[in-house]
Structure formats: C-alpha cells, structure tokens
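# Summary of the model geometry
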Amino acid sequence: MTILHTIILSIIEGITEFLPVSSTGHMILAEYSSEIQETDFVKSFEIIIQLGAILAVLILYWKNFC
C-alpha cells in the first residue's frame, strides 16, 4: 500500500462517513479497483480510520449526546 493509496482511502472514508452510504463498502471497492493487497496492515488501517471518523462525530456532537 502506497501513500497515494492511503490518501485515496482516507478521502473516501472522510466523504462517505457522513453520507447515508456504506463507507466500508466504498473502501472495499476502492481497494479492489486499486488492486491493493489484503494484508494485516491494510485491515488495521481500515479499522483505525473508521475509528477516527467515529471519534470525530462524537467530538462534533458531544454536547448533543450529554
């Protein structure tokens, strides 16, 4: 996985996280079309950027949750 792949997957996650579409599905399609190898690092990377998006939503709406 190159830095360009990392940037592309991060942008896809950032854009699709707030839309009513599957961000995970879009990342899987992007990986498949970019021919990114499914390694442990790639799986961990996907989990970490999704946790980052969830954390951003929690921080943004913290006052609404409390």
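Here the structure is a predicted model, which means the values were calculated and not measured.

### A closer look at the nonpolar core
In this structure, L9, M27, A30, I36, V42, F45 and I49 together form the largest nonpolar core, which totals 7 residues. For this core, the elements supplying multiple residues, two or more each, are α2 (23-34) and α3 (40-60). Here the element with the most residues in this core is α3; it accounts for 3 residues. For I49, the residues in contact, after removing those within four places along its chain, are L9, S10, E13 and M27.

### Some thoughts on helix α1 (residues 3-16)
Compared with the 20 Å implied by 1.5 Å per residue over 14 residues, the 20 Å span of α1 between its first and last C-alpha is a close match. Those residues of α1 lying buried are H5, L9, E13 and T16. Taken around the axis of α1, the buried residues stretch over an arc of 85 degrees, which confines them to a single face. Set apart from the buried face of α1 by more than 90 degrees, the exposed residues are I3, L4 and I15. As for α1, its buried residues are in contact with α2 and α3.

### Re the packing of aromatic side chains
Tallying each qualifying case throughout the model produces 1 aromatic pair. Relative to F45, the ring of F41 has its centre 6.4 Å away and its plane inclined at 25 degrees; by these criteria the two rings are stacked. Here F41 and its partner F45 are both found in helix α3, 4 residues apart, which amounts to about one turn of the helix.

The rules we used
- Residues numbered from 1 in each chain as written.
- Predicted model: local features only at pLDDT ≥ 70, side-chain atom pairs only at ≥ 80, totals over all residues.
- Heavy atoms only, no water.
- Core = buried A, V, L, I, M, F, W, Y, C linked by side-chain atoms within 4.5 Å.
- Buried < 20%, exposed > 50% of the residue type's maximum accessible area, 1.4 Å probe, protein only.
- Helix = DSSP H or I, 4+ residues; strand = E, 2+ residues; numbered from the N terminus.
- Contact = heavy atoms within 4.5 Å.
- Expected span 1.5 Å × (residues − 1).
- Arc of directions from axis to C-beta.
- Phe/Tyr/Trp six-rings, centres within 6.5 Å; stacked < 30°, edge-to-face > 60°.

Function cannot be read off these values alone, since they describe shape.
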